[in-house]
Amino acid sequence: MRTQVAIVGAGPAGLLLSHLLRREGVDSILVEAQSRQYCEQRIRAGVLEQGTVDTINEAGLGARMQREGLVHHGIELLFGRNRHRIDMTGLTGGRAITIYGQHEVVRDLIDAADAHGHHMFFEASGVSLHGLAGDAQRDRPEVRFMHQGVEQRIECDYIAGCDGFHGVSRNSIPASVLRTYERVYPFAWLGILAEAAPNAAELVYAHHERGFALYSMRSPSITRLYLQCAPDEDLSQWSDDRIWSELKTRFENDGGWQPAEGAILQKGVTPMRSFVAEPMQYGRLFLAGDAAHIVPPTGAKGMNLAVADVRVLSQALAARYRDGCTDLLDAYSSTCLERVWRAEHFSWFMTNMLHPSADDTPFVNRLKMSELNYVTTSEAAARSLAENYVGLPFAA
Ligand code: FAD
Ligand code: DHB
């Protein structure tokens, strides 16, 4: 097979890239290791930045998100038994976030690809990348894989590595040209999805001496909650009763609010990591999304960064095919990394401020409380938090 851009991975990055390229008249073929159903049902992110919402709307994909997404204008920080609201819209000149599950975004993208008869291979195995560094005239980039027992090869001009943190793309770059930066946190999140109508209007991020907790939602009948836990937490030790009891303790407040309970539909443990690989390009291979960088989830930035990367990449590839100009492609890595490092810092800052850790000295504990007091009492500090949380605007 032959195409202009071979895309590895059908997460938000790969699927949105193929959609944006199609709108620019650039051909692509997508190769994914998992089944279509698995991709559509994987419960992950839920917070879309203003820029992500704008990108989805501009791409003509926003109809269901506009109907079903929940627009939020603030978040709450709960500590010392008090709830403090950060007025994101007021502090950012009108920007907001939308709560709409990542799997819904993925579903909308797969439906759009189907409607256009887009070429996608699900359940591909043994995916490998070739001809990345060479002169494309002699040494063409190629993606090879097995599909339904048949070996397949896609010859292309460029490869987009959108295959997440554990994919093959980043590891296809020689170690000598890749620089990586990493921090692994000494805690994780135990996340649940519950059949309970949300009884708070906005997300609640709680700092409690027993650990962080987050109240979020997916729809008018489903809540999403997280509890700080150990990285190797044994889920079998967490009965539904124990989860609700711990959540109630960590959300204790003088106003008496408690998260509404309901049947727990799903439980899982998410490790916490900060990671950046530089550069995000090697020859004809461009990395996008979690393949290049990971943030701890406290800042709700992971999927939004994936969308920002492919927005830049689709515009750069469109310019290359439209005008033959590679300036934007050459600048891809440095353009993306500027936003990536801002999000890395914000995610680290939110994680650090909101999670007590066994390693914290009493001095560090007091610093965290001081930071929480500051962002909820100083308008300047609250504005800085808000502008990062709703997402910085894209460069024109
Ligand atoms: P992925 O979604 O990981 O997609 C990569 C795809 O590549 C997968 O489908 C995978 O199956 C496929 N693949 C892997 N290896 C191969 C291979 N060898 N060949 C072919 N295909 C392969 N982000 C936010 O913005 N907001 C949030 O609120 C938020 N909350 C989160 C909560 C949780 C519990 C978790 C786990 C994550 C959260 N994130 C959040 C992060 C967000 O989910 C990720 O950053 C996002 O999925 C990245 O998209 P991606 O397309 O780059 O990678
Ligand atoms: C959700 C996840 C996050 O990481 C976050 O910061 C806020 C909300 C969620 O899954 O709803």
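Nothing here was measured: the structure is a model prediction, and the numbers come from that model.

1. Topic: the site of ligand 2
The full set close to ligand 2 counts 14 residues, and Y205, S216, R218, Y226 and P297 are the nearest of them. The side chain of S216 places a nitrogen or oxygen atom 2.6 Å from an oxygen atom of ligand 2. Within the backbone of P297, one N or O atom sits 2.6 Å away from an oxygen atom of ligand 2. Starting from 290 Å² of accessible surface for ligand 2 in isolation, the protein chains cover 96%. When residues of the shell around ligand 2 are traced back to their parent elements, those giving at least two are β15 (213–219) and β16 (222–229). Of the residues belonging to the shell around ligand 2, the class tally is eight nonpolar, three polar and three charged. There are two domains that each give the shell around ligand 2 at least three residues, and those are domain 1 (5–72 + 96–181 + 273–350) and domain 2 (186–272 + 356–390).

2. Quick word on the side chain of R311
Residue position: R311 is located in helix α8 (residues 302–323). Polar side-chain contacts of R311 include one of 2.9 Å to the side chain of T55. Dropping the residues within four chain positions of it, R311 is found in contact with L20, T55, E58 and F394.

3. Describing the domain arrangement of the protein chain
Here the protein chain is described as being made up of domain 1 (5–72 + 96–181 + 273–350) and domain 2 (186–272 + 356–390). For domain 1 and domain 2, the distance between their C-alpha centroids amounts to 29 Å. Counting across the domain 1 and domain 2 interface gives zero salt bridges. The greatest single-element share of the side of domain 1 that touches domain 2, amounting to four residues, is contributed by helix α10 (residues 332–354). A class-by-class count of the residues in the side of domain 1 that touches domain 2 yields 13 nonpolar, six polar and five charged.

Calculation rules
Residues numbered from 1 in each chain as written. Chains lettered and ligands numbered in written order. Predicted model: local features only at pLDDT ≥ 70, side-chain atom pairs only at ≥ 80, totals over all residues. Heavy atoms only, no water. Near = heavy atom within 4 Å. Polar contact = N/O pair within 3.5 Å; in protein donor to acceptor, adjacent residues only side chain to side chain. Areas by Shrake-Rupley, 256 points an atom, 1.4 Å probe, with all protein chains shown as cover. Helix = DSSP H or I, 4+ residues; strand = E, 2+ residues; numbered from the N terminus. Nonpolar A, V, L, I, M, F, W, Y, C, P; charged D, E, K, R; others polar. Domains from an automatic or database assignment. Contact = heavy atoms within 4.5 Å. Salt bridge = Lys/Arg side-chain N within 4 Å of Asp/Glu carboxyl O.

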